Amino acid sequence: FRRVLFRSVQARTPDGALTDATQLTVTVREKPRGRERISMETTIPELRGPSDDKFVFSLEVRNDTEQDAVFNFKGIAPPGWETSFKPAYEQKQIASLQINANSSKTVEMQVTPPYNAKAGEYEFRAEASSPKGRVEKDLKVIITGTYGLKAGTPSGLLSLVTEKGRKATVSIVVQNRGSAPQGEVTLQAFKPENWEVKFEPEKIKNLEPGAFKQVEMSLTPGPQALVGDYSVNVQAQGEKASSDVEFRITIKADTTWGWVGVGLIVLVIAGLATVFKVLGRR
């Protein structure tokens, strides 16, 4: 459909001394059918980060129709993930939003991982529907994983009693508290001088998320260690995380000297008893 209209435009001064005229051509065309549509686009369809992050996709939703319309939004996500929508630069969450005819609005879709999300790729889909139709956009999140270690003892007890020069052992449990595997975890001890500390095994390999490994620590105080309390710090060092645990080591008196002391006391008591007995006869 096409219609051409001609219009003549004339102009003159108030006294009629000057006049001029021109002709305008106006062409009217019918709007082609099928040009009305809705669309949704994003410049960044893929995000990357650790599992304790929140990921926000910016979506431009266009209403290229002649009518204002209410758009309903929906997020399709893997099990355990949460999705929400809100207008750009606003805090309130929405389920629907009105977009005027021949205009667009920016909507943010936020996806939140579950606490135990493992490293890997996760796919999502954002959907927007209106009386004119439905559009969708595929999105992706790449979880790089979080790193965390926790070292302790099975019982929670962090004290040990031994004697100088005598070996004592304690079990240490190392757990991977992150969402990414730990390829290698080493243990080292910060101890008093001339003390000996060994670990079995010396290294932990391939510690998966949530898994734990028990390590036996043997500790031998130096031969010159005095009676009293000492501190030994043990550090579990992973690829991108570490954990410290501090032990209180109590050095007690040598048992042999204890028995010697008991013997001396017995001898003294026996001697005194003999003296009193002899004096009593007199």
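Computed from a predicted structure; not experimentally measured.

Things to note about the overall build of the protein
For step 1, the next point in the chain: For the protein, the count of helices and strands is 1 helix and 20 strands.
For step 2, the next point in the chain: By the burial criterion, 34% of the 282 residues in the protein qualify as buried.
For step 3, the next point in the chain: Entry remark: accessible area of the protein is about 18500 Å², with carbon and sulfur atoms responsible for 50%.

Focus: unusual backbone geometry
For step 1, the next point in the chain: Of note, the amide linkage connecting Glu200 to Pro201 takes the cis form, showing an omega dihedral of 0 degrees.
For step 2, the next point in the chain: Its place among the elements puts Pro201 in the loop between β16 (196-200) and β17 (203-207).
For step 3, the next point in the chain: Even without a glycine there, the phi angle at Asn102 is positive, about 55 degrees.
For step 4, the next point in the chain: Position of Asn102 among the secondary structure elements: in the loop between β8 (96-99) and β9 (103-112).
For step 5, the next point in the chain: Of note, Asn194 is a non-glycine position whose phi angle comes to about 70 degrees, a positive value.
For step 6, the next point in the chain: Assignment of secondary structure puts Asn194 in the loop between β15 (182-190) and β16.

Some details on the sheet that holds strand β20 (residues 242-252)
Whenever strands of a sheet pair, they do so through backbone hydrogen bonds, lying parallel or antiparallel.
For step 1, the next point in the chain: One open sheet accounts for 5 strands, arranged β13-β20-β19-β15-β17; its pairing is mixed. Only two strands of the sheet have a single partner each, and these edge strands are β13 (159-163) and β17. The average undirected angle you get between the axes of adjacent strands in this sheet is 25 degrees.
For step 2, the next point in the chain: The pairing of β15 with strand β19 (residues 228-237) spans 5 bridges and is classified as antiparallel. Bridging across to β19, Gln188 finds its partner in Gln235.

Some words on the pattern of salt bridges
For step 1, the next point in the chain: In total, this model carries 12 salt bridges according to the counting rule given.
For step 2, the next point in the chain: The shortest N-O distance in the salt bridge between Glu127 and Arg134 comes to 3.5 Å.
For step 3, the next point in the chain: Owing to a relative accessible area of 12%, Glu127 belongs among the buried residues under this scheme.
For step 4, the next point in the chain: Connected via shared salt-bridge partners are Arg125, Glu127, Arg134 and Glu136.

Quick notes on the environment of Lys198
For step 1, the next point in the chain: Position of Lys198 among the secondary structure elements: in strand β16.
For step 2, the next point in the chain: For Lys198, a relative accessible area of 48% gives the class partly exposed.
For step 3, the next point in the chain: Separated by 29 residues in sequence, Lys198 and Thr169 place their C-alpha atoms 9.5 Å apart.
For step 4, the next point in the chain: Filtering out sequence-adjacent residues up to four positions away, Lys198 remains in contact with Glu216, Met217 and Ser218.

Section: the side chain of Gln182
For step 1, the next point in the chain: Structurally, the position occupied by Gln182 is in strand β15.
For step 2, the next point in the chain: Other than its neighbours up to four places away in sequence, Gln182 contacts Tyr147, Gly148, Leu149, Asn176, Lys205, Asn206, Leu207, Gly238, Glu239, Lys240 and Ala241.

Regarding the sheet that holds strand β5 (residues 55-64)
For step 1, the next point in the chain: Strand order in the open sheet formed by 4 strands is β3-β5-β9-β7, with antiparallel pairing between adjacent strands. Unpaired on one side and paired on the other, β3 (37-41) and β7 (82-87) mark the two borders of the sheet. With strand direction ignored, the average angle separating the axes of adjacent strands in the sheet is 25 degrees.

What counts and what doesn't
- Sequence order sets the numbering: in each chain, residues are counted from 1 along the sequence as written.
- Per-residue local features are limited, in this predicted model, to residues with pLDDT of at least 70; the limit for side-chain atom pairs, both in listing and counting, is 80 or more; totals at the level of whole chains, interfaces and linings are taken over all residues.
- Side-chain measures were taken over the full set of non-hydrogen atoms in the model, leaving aside hydrogen atoms and water.
- Every helix listed is a DSSP run of H or I at least four residues long, and every strand listed is a run of E at least two residues long, numbered separately from the N terminus.
- Residue exposure (1.4 Å probe, protein chains only): buried if accessible area is under 20% of the type maximum, exposed if over 50%, otherwise partly exposed.
- To measure how exposed things are, a 1.4 Å probe is used in the Shrake-Rupley method; for residues, cover is taken only from the protein chains shown.
- Pairing between two strands requires that DSSP report at least two bridges joining them.
- Whenever a helix is involved, its axis is fitted only over the stretch in contact; in every case the axis is a line through C-alpha atoms, and angles between N-to-C directions fall within 0 to 180 degrees.
- Salt bridges are defined by distance alone: a side-chain nitrogen of Lys or Arg within 4 Å of a carboxyl oxygen of Asp or Glu.
- Should any heavy atoms of two residues lie within 4.5 Å, those residues are counted as being in contact.

Read these as layout, nothing more, since geometry by itself doesn't imply function.
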